[in-house]
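Descriptive analysis of the structure
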Amino acid sequence: MEIGVRVLMAFLLHQIVYVDGMEEGGREACVPGFQVKNYQVAYNGPFLKDQPLIQVEFDDCAGNKNATFDVSDPSFYVDADLNLAPQRDVVDSQPVLFIHGVSAHADDIAQVEITGLSLQVNMLRDIMRLEQRLPYRSKRSLFAPPMTVTENQRGPFPRVLGRLEVSTTDLAGNIAEGPVMLVITVIDQNDNRPIFKEAQYTGEVLEGSPTGTTVMTMTAFDADDPGTDNAALRYSIIRQSPNKPFPNMFHIDAERGDIVTVISPALLDRETLPTTTYELEIVAKDMAGSEVGLTGTATATITITDKNDHAPEFTHPLFEAHVPEGSTGVVINLSIDDRDDPATGAWRAIYSIISGDPTHSFEFQTNPDSNEGMLSVVKPLNYEATAFHTLLVKVENEDPLVPGVSYGPSSTVAVHVIVEDINEGPVFFPDPLHVTRNENIPVGSFVATLNATDPDTRTIQSIRYAILRDPAGWLGVNPVRGTVNTSAALDRESPYVHDNKYTALFVAVDNGIPPASGTGTLIIHLEDFNDNAPYVVPSVAQVCEDAHDMNVAIVGGWDKDLPPNAAPFKIELGKQPGLDKTWKVSRVNATHSQIMLLQSLKKANYQLPLLITDSGMPPLSNNTEVKVQVCICKKNKKICSSAHSHFSGFLVMLATLLLVLLCL
């Protein structure tokens, strides 16, 4: 229970004070101290010297060795047999005596009440003597001496603490006044063990820290009276695990609970200690650490944290990698040794190339799990250009090294990269190859000579050529010399020609083991030749038979050839006689002409012969026809003949024949 509790009670005169409570449990265990806390002695006259008055019951549960007793009245003492006896003849005694018993295992107080004494003589006389010293008083009051009671007393209850017996009048004969204040002090017993705020404490200390560095503070609480030794705590370390390199690596301040390092900075080396985590068992004991004190325990776990006091070192003085030319990717992993804490910046490595990579063909990445340096080829290597590379590589940590530690020669290493030759395919140059040829060149004409070389310059190999893709089938190639000739007539207007260009794909194969090949492109720019006659569009026109507008249609010329082998076009009536009596063709511009009727025609279909000529050198002409439909037009409806067309030339011929017959 809480210590130092004072109970203030107001009592009227002639009241008796009791302590109530309950007995603990059904069985009694040994409790160090007075087994009976309250005693009574009857006063029947003077107490004689060394005559036992009462025997007290005191047991510290350990044999009462070296137990001592003090009595509140120095006229009395407790002898070796635990008898209370006077030191001298006592005539006038105090009404209550307190016996303080102390041993190595107990500290307790008992109370002895002496009955039969005259309170007027012992107490009221003192009170009145005090009143007489006052110059005046407006009230008269009584004084009740304080009482004490020890916590955790055994039953039976209620139990008498003491008795107040007063006459209702003072020595002057006046009526005494009340009530009076009675102070009862509850004396604490050491019945609470120290309790740590936490069962498990954790702390860290940086390796190499100076001796005396504070790691953590342990704090325990004791519910007993803080003004007594019952709550005076002392801390100690009773176990260290592991106990190497020596068992007293840490010390705890007995009063404050501060845990500090004892080990020297040189020995507090995370990399050489048998473990990085130490467990301490801490005991807090009350009674200022005496043997009879109660204890509480807790565990402190201390982690030795790392600092970057070890530079990374390569595990080999030289690394060698073999790389096929033309390949990319990781080619070798460089391993290192770093004694610092893994997964920290003091352990994680950064690799860099100091020299030997002018073309930036290599790069490093760090494996996050193994901390190895992964050397990769990022630009394909060429055996014929450089067959051997020497890289100078250094390794550093993410975190800087602590003062006094530096990177040594083992933090730098040479890496030999040996490029292995592979059979590379021939390379065309230029690729693509552009040539210009006229589309009308004879079959078998020379077009181009292919040029493919073998990159494997350190070996002698032959190359053979073949056609890989020839969409129109116009070409042939000499397999040894690579000359390309036409095997068919070229045609710029072919659907295989796009934007006047014809594209063919060739392959060159060497005689290596295994053979390697390469492809090249030939693009032939075709020049136009006037080999296509023009034609007229559209081929059909309609006109109403009663139309006042005699314009039939505007027709245009079209030619597959390019200028100057196309427009301007000349469009005119066919050579049949008499056409110019009914039809007329007038030029609109360089590509179009107007067809007109010179007289009305009845509903029918007429085939109008036309002659169109381009501007090529020499020019090409084409006899063509335009179908003219003469229709009956009514409002929004047009009725045209579906019968066969009439030939304007036939009508002219018929009229001519009739004229000849008449002349005969």
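Just so it is clear, the model here is predicted, and its values are computed rather than measured. (Residues numbered from 1 in each chain as written. Predicted model: local features only at pLDDT ≥ 70, side-chain atom pairs only at ≥ 80, totals over all residues. Heavy atoms only, no water.)

What follows is about the packing of aromatic side chains. Counted according to the given criterion, the structure contains 13 aromatic pairs. Here a set of aromatic residues connected by ring pairs shows up, and it is made of Phe 314, Phe 319, Tyr 351 and Phe 364. (Phe/Tyr/Trp six-rings, centres within 6.5 Å; stacked < 30°, edge-to-face > 60°.)

Glancing now at the side chain of Asp 559. Counting through the fold element by element, Asp 559 comes out in the loop between β44 (551–558) and β45 (570–573). At 7.2 Å, Arg 492 is the nearest oppositely charged side chain to Asp 559, a buried residue that forms no salt bridge. Separated by 2.9 Å, the side chain of Asp 559 and the backbone nitrogen of Asp 561 make a polar contact. Asp 559 has contacts with Asn 530, Asn 532, Ala 533, Pro 534, Asn 565, Ala 566, Phe 569 and Asp 614, leaving out every residue within four places of it along the chain. (Helix = DSSP H or I, 4+ residues; strand = E, 2+ residues; numbered from the N terminus. Buried < 20%, exposed > 50% of the residue type's maximum accessible area, 1.4 Å probe, protein only. Lys, Arg positive; Asp, Glu negative; His and termini not counted. Salt bridge = Lys/Arg side-chain N within 4 Å of Asp/Glu carboxyl O. Polar contact = N/O pair within 3.5 Å; in protein donor to acceptor, adjacent residues only side chain to side chain. Contact = heavy atoms within 4.5 Å.)

One pass over the full model with this rule turns up three disulfides. One disulfide bridge connects Cys 544 with Cys 633, the sulfur atoms lying 1.7 Å from each other. Across the disulfide from Cys 544 to Cys 633, rotation about the S-S bond amounts to roughly -85 degrees, and the bridge is consequently left-handed. Taken as a pair, Cys 544 in strand β43 (residues 540–544) and Cys 633 in strand β49 (residues 621–634) lie far apart in primary sequence, 89 residues in all. Relative accessible area serves as the criterion here: at 23%, Cys 544 is assigned to the partly exposed category. The disulfide partner of Cys 631 is Cys 640, and the gap between their sulfur atoms is 1.9 Å. Between Cys 631 and Cys 640, the S-S torsion sits near 100 degrees, and that sign places the bridge as right-handed. Taking the relative accessible area as the measure of exposure, Cys 631 reaches 0% and is therefore buried. Overall, Cys 640 belongs to the partly exposed group, its relative accessible area being 26%. The connectivity of the disulfides in the protein is 1-2, 3-5, 4-6, where the numbers refer to bonded cysteines in sequence order. (Disulfide = S-S within 2.5 Å.)

What follows is about the pattern of salt bridges. Opposite charge on two side chains permits them to pair, given that their charged atoms come into close proximity. Counting across every chain of the model gives 11 salt bridges. A salt bridge links Glu 279 to Arg 239; the nearest nitrogen and oxygen atoms lie 3.2 Å apart. Of the two residues, Glu 279 sits in strand β22 (residues 277–285) while Arg 239 sits in strand β19 (residues 234–241), which places them 40 residues apart along the sequence. Classification of Glu 279 by relative accessible area gives partly exposed; the value is 31%. Classification of Arg 239 by relative accessible area gives partly exposed; the value is 33%. For Glu 398, the salt bridge identified is with Arg 348, shortest N-O distance 3.0 Å. In this pair, Glu 398 is assigned in the loop between β31 (388–397) and β32 (412–420) and Arg 348 in the loop between β27 (336–337) and β28 (349–355), connecting sequence segments 50 residues apart. Connected through salt bridges with shared partners, the residues Arg 239, Glu 279 and Glu 281 form a single ionic network.

What follows covers the pairing of β22. Two strands pair when backbone bridges link them, and β19 and β22 are joined in this way by seven bridges, in the antiparallel orientation. By the bridge assignment, Gln 240 is partnered in β22 with Leu 280. Sheet topology places β22 next to strand β23 (residues 295–305); nine bridges connect them, and they run antiparallel. Its bridge partner being in β23, Tyr 278 is matched across the sheet by Ile 302. (Pairing = 2+ DSSP bridges.)

A separate point is the sheet that holds strand β9 (residues 83–86). The strand order across the open sheet built from three strands is β5-β9-β8, with neighbouring strands paired in antiparallel fashion. Pairing within the sheet leaves two strands with one partner each, and these edge strands are β5 (54–55) and β8 (76–78). Pairing analysis gives two bridges linking β5 to β9, with the strands arranged antiparallel. What sits directly across from Ile 54, in β9, is Leu 84.

Bringing the pairing of strand β40 (residues 501–510) into the picture now. Where strand β37 (residues 463–469) lies against β40, six bridges are found, and the strand directions are antiparallel. Bridge pairing in β40 places Arg 469 opposite Leu 505. Relative to strand β41 (residues 517–527), β40 runs antiparallel, the two being bridged by nine bridges. Bridge pairing links Lys 501 to His 525 in β41. Taking the residues that link successive antiparallel strands as the turn, the β40-β41 hairpin has six residues.

Interpretation note: all reported values are geometric properties and have no functional meaning in isolation.
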